[in-house]
Amino acid sequence: MTELMFAERKERIRALLRQNGRVVAAALASEFKVSEDTIRRDLRELAAAGLCERVYGGALPVSKGSSSLSQRMAVAVDRKRNLAGKAVGFITPRSVVYLDAGSTNLAVAEALGEDLPVTVITNAPAIATALADKLGVETILVGGTIDRMVGGTVGANAIAAMAALRPDLCLIGTCAIDAQGGLSAFGFEDAAFKRFVLSRSRRTMVLATADKFEASAPYAFADAGQYQLLVTERGADASRLATIKDRGCEIVLA
């Protein structure tokens, strides 16, 4: 009976991770009417099986560095759409916008108005495809080698293509946001490409679900003072938001 109950809890926990992008041990204990110690044991077993990542107070989905763009697209869909809805308000007619590869920026592409006159540059084929039928949008797809985990082109050819472009607004993706507001990525080439795109852009916006403040990634590509807008969720770490705001960044809560 105990094993059956754990199996049921495991499937529910995995479903919540896919739906919300994180789980909190206290909330799970309340839902399942078990102790937090029991939930922590459950989460340890799930983590040992490679089905989640343990963090203080709960768990996150397995590292985004080990999942493809198509897999990330299925995680926290409504939350990403909510961020995208806020972001599109900053995209002005007849501007040139860079949309970095990523599931949240894909949601931005999908949220753009059908007839908005704007030029979108992207390194992500999925984003270019989402824009194909939007008559007002001119799309420039950056060529190069596609990194399957990133879901977009990176490397020397992609950097060379971006050298001829100068976006008015760059929506950059990030895998993690550290305690000082720094941005980082799981891939070395991805971080190098993001760093170059930021250097070519007049203004930069970051869209991040709250779990990005609890993640860590090895390759830094921007400090807090290098982006001007952050769109995130109300549950994001308040102390980190304060640090980012002190560096001159506008915070928008969705």
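Computed from a predicted structure; not experimentally measured.

K.L.:
Help me get a handle on helix H2 (residues 25-32), residues and values and all.
P.N.:
Restricting attention to buried positions, one finds in H2 the residues Ala25, Leu28 and Ala29. Within H2, the buried residues cover an arc of 100 degrees as seen down the axis, which keeps them to one side.

K.L.:
Tell me about the pattern of salt bridges, and name the residues and values.
P.N.:
For the structure shown, the criterion picks out 12 salt bridges. Notably, a salt bridge pairs Arg79 with Asp211, separated by 3.4 Å at the nearest N-O pair. One end of the pair, Arg79, is in helix H5 (residues 77-87); the other, Asp211, is in the loop between strand E12 (204-208) and strand E13 (219-222), with 132 residues separating them in the sequence. With a relative accessible area of 17%, Arg79 lands in the buried category. Using a relative accessible area of 4% as the deciding quantity, one classes Asp211 as buried.

K.L.:
So what about the sheet that holds strand E5 (residues 118-122)? Which residues, and what values?
P.N.:
Read across the sheet, seven strands follow the order E6-E5-E4-E9-E12-E14-E15 without closing on themselves; strand pairing throughout is parallel. The strands lining the two open edges of the sheet, one partner per strand, are strand E6 (137-141) and strand E15 (250-253). Pairs of neighbouring strands in the sheet enclose a mean axial angle of 20 degrees, with direction left out of account. As paired elements, strand E14 (residues 229-232) and E15 share four bridges and run parallel to each other. For Val231, the partnering residue across the bridge sits in E15 and is Val252. Lying on the sheet, H5 is in contact with strand E9 (169-172), E12, E14 and E15; it crosses E12 at an angle near 155 degrees.

K.L.:
Requested: an account of the packing of aromatic side chains, with residues and values cited.
P.N.:
Think of a pair of aromatic rings as described by two things: how far the centres are apart, and how the planes are tilted against each other in angle. Under the criterion given, the structure shown has two aromatic pairs. When the ring of Tyr98 is compared with that of Phe193, the centres are 6.4 Å apart and the planes differ by 65 degrees; the resulting orientation is edge-to-face. Remark: Phe193 occurs in helix H9 (residues 188-200) and Tyr98 occurs in strand E4 (residues 96-99); sequence separation between them is 95 residues. We note that Tyr98, like Phe193, is buried. When the centroid spacing of 5.7 Å and the interplanar angle of 80 degrees are considered together, the rings of Phe188 and Tyr219 count as edge-to-face. Of this pair, Phe188 sits in helix H9 while Tyr219 is found in strand E13, placing the two residues 31 residues apart along the sequence. On the accessibility criterion, Phe188 (56% relative accessible area) is exposed. Taking relative accessible area as the criterion, Tyr219 reaches 32% and is therefore assigned partly exposed.

K.L.:
How would you summarise the nonpolar core if you had to cite specific residues and measurements?
P.N.:
Ranked by size, the top nonpolar core spans 60 residues in total, and within it Leu171 and Leu230 carry the most contacts. Of all hydrophobic cores here, the second largest spans 12 residues; its members include Leu28, Ala29, Ile39 and Ala59.

K.L.:
Kindly report on the environment of Lys245, identifying the contributing residues and their values.
P.N.:
Tracing the backbone through its elements, the reader meets Lys245 in helix H10 (residues 238-246). Sequence separation between Lys245 and Gly181 is 64 residues, and the spatial gap between their C-alpha atoms is 9.2 Å.

K.L.:
Which residues make up the pairing of E14, and what values do they have?
P.N.:
Residues Leu229 and Val231 of E14 are buried on one face, and the alternating residues Leu230 and Thr232, pointing to the opposite face, are buried as well. Pairing of E12 with E14, which is carried by four bridges, proceeds in the parallel orientation. Bridge assignment links Met205 to a residue of E14, and that residue is Leu229. Each parallel crossover has a hand, and for E14 linked through H10 to E15 it is right-handed.

K.L.:
Can you explain unusual backbone geometry? Please cite residues and give values.
P.N.:
Positioned with a positive phi, Lys33 is a non-glycine residue whose angle comes to about 60 degrees. If you trace the backbone, Lys33 turns up in the loop between H2 and helix H3 (36-48). By relative accessible area, which is 75% here, Lys33 ends up exposed.

Definitions and cut-offs
- Residues numbered from 1 in each chain as written.
- Predicted model: local features only at pLDDT ≥ 70, side-chain atom pairs only at ≥ 80, totals over all residues.
- Heavy atoms only, no water.
- Buried < 20%, exposed > 50% of the residue type's maximum accessible area, 1.4 Å probe, protein only.
- Helix = DSSP H or I, 4+ residues; strand = E, 2+ residues; numbered from the N terminus.
- Arc of directions from axis to C-beta.
- Salt bridge = Lys/Arg side-chain N within 4 Å of Asp/Glu carboxyl O.
- Pairing = 2+ DSSP bridges.
- Axes fitted to C-alpha atoms, helices over the stretch in contact; angles between N-to-C directions.
- Contact = heavy atoms within 4.5 Å.
- Phe/Tyr/Trp six-rings, centres within 6.5 Å; stacked < 30°, edge-to-face > 60°.
- Core = buried A, V, L, I, M, F, W, Y, C linked by side-chain atoms within 4.5 Å.
- Right-handed = clockwise from strand over helix to strand, strands pointing away.

Distances and angles like these do not, on their own, reveal function.
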